Amino acid sequence: MNIFETDAYIDPNDPRLTPYKSTSKQDPRWDTTPVGMCFFVPATDAEIKQNRKRPSIPARCQGRFRTKAYRFDGNVGYLVTRLK
């Protein structure tokens, strides 16, 4: 059977399937942070100046979080605040 035929189906458990991009488990804090609280994601000064390593807000959390560069206890990084 040719899998590229239009009427062919593929079992999603087929071991020949591998993700195109490697995915990593998302940070559970996106789902567990209480409203009004925040968490800190460390970064370097260079990463902040280049706007790199800024946490990407997952689609399901859009509009509920804000990220902003901060210093926390002498460390630099991004403060992720839950708004609603």
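Scope of this entry: the structure provided in the associated data block. (Residues numbered from 1 in each chain as written. Predicted model: local features only at pLDDT ≥ 70, side-chain atom pairs only at ≥ 80, totals over all residues. Heavy atoms only, no water.)

Moving on: the pattern of salt bridges. Here the structure, examined in full by the defined rule, presents two salt bridges. Here Asp27 ties to Arg29 by a salt bridge, and the two come within 2.6 Å at their closest N and O atoms. Given a relative accessible area of 25%, Asp27 falls into the partly exposed group. A salt bridge links Arg60 to Asp31; the shortest N-O distance between them is 2.9 Å. With Arg60 in the loop between helix H2 (45–49) and strand S2 (65–72) and Asp31 in helix H1 (residues 29–32), this residue pair connects regions lying 29 residues apart in the sequence. Classification of Arg60 as partly exposed rests on a relative accessible area of 45%. (Salt bridge = Lys/Arg side-chain N within 4 Å of Asp/Glu carboxyl O. Buried < 20%, exposed > 50% of the residue type's maximum accessible area, 1.4 Å probe, protein only. Helix = DSSP H or I, 4+ residues; strand = E, 2+ residues; numbered from the N terminus.)

The backbone phi angle of Asn51 is positive, close to 55°, even though this residue is not glycine. Structurally, Asn51 can be placed in the loop between H2 and S2. For Lys53, which is not glycine, the phi torsion reads 65° and is therefore positive. Residue position: Lys53 is located in the loop between H2 and S2.

In this section: the packing of aromatic side chains. Summed over all chains, the structure comprises three aromatic pairs. Considering the side-chain rings of Trp30 and Phe39, the 5.3 Å spacing of their centres and the 85° angle between planes classify their relative orientation as edge-to-face. For the residue pair Trp30 and Phe39, the accessibility class agrees, reading buried in each case. Note on Phe40 and Phe72: the rings are 5.4 Å apart at their centroids and 40° apart in plane angle, and the pair reads as tilted. On the criterion of sequence distance, the pair formed by Phe40 in strand S1 (residues 38–42) and Phe72 in strand S2 is long-range, its members being 32 residues apart. Within the aromatic cluster, the residues linked to one another by ring pairs are Trp30, Phe39 and Phe65. (Phe/Tyr/Trp six-rings, centres within 6.5 Å; stacked < 30°, edge-to-face > 60°.)

Our next topic: the sheet that holds strand S3 (residues 75–82). Ordered in space as S1-S3-S2, the three strands form an open sheet in which the pairing is antiparallel. For this open sheet the edge positions go to S1 and S2, each flanked by a neighbour on one side alone. Looking at each pair of strands side by side, their axes are set apart by 30° on average, direction ignored. (Pairing = 2+ DSSP bridges. Axes fitted to C-alpha atoms, helices over the stretch in contact; angles between N-to-C directions.)

With that out of the way, let us pick up the nonpolar core. Ranked by size, the top nonpolar core spans six residues in total: Trp30, Phe39, Val41, Cys61, Phe65 and Val80. Residues within four places of Val41 in sequence aside, it is in contact with Arg29, Pro55, Gly77, Tyr78 and Val80. (Core = buried A, V, L, I, M, F, W, Y, C linked by side-chain atoms within 4.5 Å. Contact = heavy atoms within 4.5 Å.)

Function cannot be inferred from these measures alone, as they are strictly geometric.
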